[in-house]
Amino acid sequence: VMTPGLVDCHTHLVFGGARADEFEARLEGASYEEIARRGGGILSTVLATREASEQTLFNAALPRLKALVEEGVTTVEIKSGYGLDVANELKMLRVARRLGEELPVHVLTTLLGAHALPPEYENDSDGYIELVCNEMIPAAAAEGLADAVDVFCEKIAFSVAQCERVFKAAQAHGLPIKAHAEQLSNLGGAAMAARHCALSADHIEYLDDAGIAAMREAGSVAVILPGAFHTLRETQQPPIAGLREAGVPMAVATDANPGSSPIFMPTLMLNLACTLFRMTPQEALAGMTANGAAALGLKGQGQLHEGAVADLCVWDIETPAELAYAVQPGRLRQRVYQGELTHGR
Ligand SMILES: [Zn+2]
């Protein structure tokens, strides 16, 4: 079976430190509070990322990206969001750009300064949003380091109004926008993002009908992230049937990150999208090809047709559905990136 090269449109695969000890501690009975007190959680990733040199971050991220590439990914999005100050956010984006130069894969970078509140801005989230809008976005734009700007719109992160300020700053610099929205509650972030013509709203477990309508109107892509749902043992399902009925394009991505989705296996996501969310294998595959491309502003890519970029995978399977059906690495026979054979013979 030949498919377009896979498009992983949502990852956080550049990060410092490790969180397996925290995973283990939690399973041994430690509470979230205890883990936070020991310096765990996203803050530990932020501190480790700040401490790490560009080379250290690059060396750590390379095998993660290789794992995606060796499973057929030809286009990947990589977000910043663990630096949370100007220098360290730019450092992350530079590492992401370098990864794309090292491996045969198209890397798109996304500035996610508004991911979490850094400790030095505790009790001043508006002050931090000002830093993102007035310094981080202009610096990333000036250096050509960001292809898009993302936010985390959630009670534990930033409000709809704060995210809207970030979007306006991004658009003033000509950068497209996307949002982590409606993951843990329904704040209306996806609808607000759609009003600003966002490329995508991602997670969206709590998206309501108004949000679906706004996304359809704007042509925003719904990015479905079953890895985080699985890892966090969530129970609120994204409204797949509603999105399907409205004709909102659905993408599927790994959300590869050290906290909520330490999963670097794209075809497993096809399986989880089907088993957890009842997407069809065809929808899941479109989600990691054409619709994944659309979520990155690459409309018309991630498809097999004349004029499209020749990013292709040949798989040792009999029908496309097998890719989502079996969790089985090693089925990629050939991979073609921009017309060149990079895997197989
Ligand atoms: Zn994410």
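No experiment lies behind these values; they were computed from the predicted model shown.

Conventions used here
- Residues numbered from 1 in each chain as written.
- Predicted model: local features only at pLDDT ≥ 70, side-chain atom pairs only at ≥ 80, totals over all residues.
- Heavy atoms only, no water.
- Pairing = 2+ DSSP bridges.
- Helix = DSSP H or I, 4+ residues; strand = E, 2+ residues; numbered from the N terminus.
- Salt bridge = Lys/Arg side-chain N within 4 Å of Asp/Glu carboxyl O.
- Buried < 20%, exposed > 50% of the residue type's maximum accessible area, 1.4 Å probe, protein only.
- Donors = N, O, S within 2.8 Å, 3.2 Å for Na, K, Ca; no water.

**Here's the deal with the pairing of strand 12 (residues 340–343)**
By the bridge criterion, three bridges tie strand 11 (residues 332–337) to strand 12 in an arrangement that is antiparallel. Directly across from Tyr337, in strand 12, lies its bridge partner Glu340. Once strand 11 ends, the chain turns through two residues before running back antiparallel as strand 12, passing Gln338 with a positive phi of about 45 degrees.

**Some points on the pairing of strand 10 (residues 312–315)**
For strand 1 (residues 2–4) and strand 10, the ladder comprises three bridges, and the chain directions are antiparallel. Among the inter-strand pairings, Met2 is bridged to a residue of strand 10, identified as Val314. Sheet topology note: the strand 10/strand 11 ladder contains four bridges and is antiparallel. Residue pairing across strands places Val314 opposite Gln334, the latter belonging to strand 11.

**Some details on the pattern of salt bridges**
Going through the model one piece at a time under the given rule, you end up with twelve salt bridges. The residue Asp85 makes a salt bridge to Arg50 at a minimum N-O spacing of 3.7 Å. Taken together, the residues Asp85 in the loop between strand 3 (73–79) and helix 5 (86–102) and Arg50 in helix 3 (residues 42–51) connect sequence positions 35 residues apart. As a salt-bridge pair, Glu283 and Arg244 come within 2.7 Å of each other at their nearest N and O atoms. Within this pair, whereas Glu283 is found in helix 13 (residues 281–287), its partner Arg244 is found in helix 11 (residues 240–246), the two being separated by 39 residues in sequence. The exposure class of Arg244 is partly exposed, given its relative accessible area of 37%. Linked by salt bridges that have partners in common, Arg19, Glu22 and Arg26 make up one network.

**Some remarks on the coordination of the zinc ion**
In this structure, His10 (NE2), His12 (NE2), His180 (NE2) and Asp255 (OD) serve as the protein donors to the zinc ion, at separations of 2.0 to 2.7 Å. In primary-sequence terms, the residues that donate to the zinc ion follow H-x1-H-x167-H-x74-D. Taken together, the residues His12 in the loop between strand 2 (6–8) and helix 1 (20–27) and His180 in strand 6 (residues 177–181) connect sequence positions 168 residues apart.

Keep in mind these numbers describe shape, not what the thing actually does.
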